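Structural description and commentary
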Amino acid sequence: MHLRLIVPPDRSERVLDQLVTDPRATSIVRLPGAAHRPDGDVIECDVTREATSDILSWLKSQGLYDDGAVALSSVDSSPSRNAHAAEKAAPGAPDDAVIWDAVLDQAYNEASGSWVYYAFLTLATMIASVAVITDSSILVVGAMVVGPEFGVVAALAVGLFLRKGGLTRRSLSLLVRGFVLAIALTVLAALLARAVGWVDAGDVTAARPLTGFIWRPDRWSAVVAVLAGCAGVLSQTAGRGNALVGVFISVTTVPAAGDLALSLALWAPRQIGGSAAQLGINLAGMTVAGVVTLLLQRVVWRSYLRVKRKAGARVEA
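Because the structure is predicted, anything quoted here is derived from the model rather than measured.

Membership of the largest hydrophobic core comes to 41 residues, with the highest contact counts inside it found for Leu175, Phe179, Leu283 and Met286. Elements with a contribution of two residues or more to this core: helix 6 (115-134), helix 7 (137-146), helix 8 (150-161), helix 9 (165-195), helix 11 (219-237), helix 13 (253-266) and helix 14 (269-316). When neighbours within four sequence positions are excluded, Met286 is seen to be in contact with Phe150, Val153, Ala225, Gly229, Val251 and Thr253. One finds Leu3, Val7, Leu16 and Ile55 within the second-largest nonpolar core, a separate group that totals 17 residues.

Dropping the structure here:
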């Protein structure tokens, strides 16, 4: 990981000494007086992912979060000998380490909400409703991929796990507002389609061998939601965002919202209850699984570090 720091002049020497003496940091550069807003020295370095949380915690204790600035970015490749030496000095594997400050910052970003979030969720819900009408499994997958809701679900899990009440309320509120708006707009679109004769109640109540599972939740709905929640949170905490594509096409939140909107517009009471249950099961399952995954990551990582420290102490003795 690459750190770019703006350090107040009165703490610059202290921060520099701390980084230079830490074998898990390398490529350390200091630019005296180079920073403005805030004013201070710029210090840049590369640190192993396993050490990033420790170093960030120390920098926070020195007041850099309040009086300076901290920016964090991933280093895609660092083939130098110094980088390999720093990696060897840090116990564990990079993917196993969770950078909690980065996870929390990302969660706040996901929960901020924007018109793009509402637009993608609405478009995904409308695509899902067309998938129900045409009984198209391809369109169901397309709706899952377009749906942006998992980031907000992950933010909710982070808020619950770290006991951040503001983040929890913001994430939950965004989920509710997003799905209510998306379903409402899809209902309006479906009513318009019914008015011009494009759809009728039979399109929802007819046998749908490829998409009927959407409004018929069962035990496997909960299993898939839990597995998807675990995979999604792991991909974010381990810095493997590309894996989220697989998560998006593994859950049935957006398709259930599309089925619910269509069932409301064309009034299919049986499907309304089923699709609403499917939506609730998936959102709840992913959230609970996310919280449990974060808990296990913290417990396993701390236990691993404890064992490594004891082993190191025995070697030194």
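A complete count under the given rule lists 2 aromatic pairs for this structure. A centroid spacing of 5.5 Å and a plane angle of 75 degrees characterise the contact between Tyr117 and Tyr118, whose relative ring orientation is edge-to-face. For Arg216, the ring lying beneath its charged end belongs to Trp215, and the centroid distance is 5.2 Å.

This part takes up helix 9. Between the first and last C-alpha of helix 9 there are 45 Å, a value that for 31 residues agrees with the 45 Å anticipated at 1.5 Å per step. Looking one or two places after helix 9, you find Gly197, whose phi comes out positive at around 85 degrees.

Tracing the sequence through the fold places Trp198 in the loop between helix 9 and helix 10 (202-205). Through-space distance from the C-alpha of Trp198 to that of Ala256 is 21 Å; in sequence the pair is 58 residues apart. Aside from chain neighbours lying at most four places away, what touches Trp198 is Ala193 and Asp203.

With respect to the helices and strands, Thr122 occurs in helix 6. A relative accessible area of 9% places Thr122 in the buried class. Not counting residues up to four positions away in its chain, the partners in contact with Thr122 are Ala182, Leu185 and Thr186.

Summed over all chains, the structure comprises 7 salt bridges. Glu13 is the salt-bridge partner of Arg30, the closest N and O atoms lying 2.7 Å from each other. Here Arg30, found in strand 2 (residues 25-35), pairs with Glu13, found in helix 1 (residues 9-20); they are 17 residues apart in sequence, far enough to count as distant. Residue Asp259 pairs with Arg208 through a salt bridge whose shortest N-O separation is 2.6 Å. With a gap of 51 residues between them, Asp259 in helix 13 and Arg208 in the loop between helix 10 and helix 11 connect regions that are remote in the sequence. Per residue, the accessibility class of Asp259 equals that of Arg208, and both read buried.

Omega for the peptide link from Arg37 to Pro38 comes to 0 degrees, which places this bond in the cis form. If you trace the backbone, Pro38 turns up in the loop between strand 2 and strand 3 (40-47). Backbone geometry at Ser27 places phi at a positive 55 degrees, although glycine is not the residue there. Tracing the backbone through its elements, the reader meets Ser27 in strand 2. Not every positive phi belongs to a glycine, and Trp267 is a case in point at roughly 50 degrees. Among the structural elements, Trp267 can be located in the loop between helix 13 and helix 14. A residue is classified by how much of its surface remains accessible, and Trp267, at 58% relative accessible area, is exposed.

Looking now at helix 11. Because an α-helix packs 3.6 residues into every turn, residues spaced three or four apart end up facing the same way. With 19 residues, helix 11 extends 28 Å from end C-alpha to end C-alpha; this agrees with the ideal 27 Å at 1.5 Å per step. Turning to helix 11, its buried residues are Ser221, Ala225, Ala228, Gly229, Gly232, Val233, Ser235, Gln236 and Thr237.

Attention now moves to the sheet that holds strand 1 (residues 2-7). The strand order across the open sheet formed by 4 strands is 2-3-1-4, and the pairing between neighbours is antiparallel. In this open sheet, the two strands that pair with only one neighbour each are strand 2 and strand 4 (69-73). Averaged over all pairs of adjacent strands, the angle between strand axes in this sheet comes to 15 degrees, irrespective of strand direction. Bridge analysis of strand 1 against strand 3 gives 6 bridges, and the strand direction is antiparallel. If you follow Val7 over to strand 3, its bridge partner there is Asp41.

Conventions we followed
Residues numbered from 1 in each chain as written. Predicted model: local features only at pLDDT ≥ 70, side-chain atom pairs only at ≥ 80, totals over all residues. Heavy atoms only, no water. Core = buried A, V, L, I, M, F, W, Y, C linked by side-chain atoms within 4.5 Å. Buried < 20%, exposed > 50% of the residue type's maximum accessible area, 1.4 Å probe, protein only. Helix = DSSP H or I, 4+ residues; strand = E, 2+ residues; numbered from the N terminus. Contact = heavy atoms within 4.5 Å. Phe/Tyr/Trp six-rings, centres within 6.5 Å; stacked < 30°, edge-to-face > 60°. Lys NZ or Arg CZ within 6 Å of the ring centre and 35° of its normal. Expected span 1.5 Å × (residues − 1). Salt bridge = Lys/Arg side-chain N within 4 Å of Asp/Glu carboxyl O. Pairing = 2+ DSSP bridges. Axes fitted to C-alpha atoms, helices over the stretch in contact; angles between N-to-C directions.

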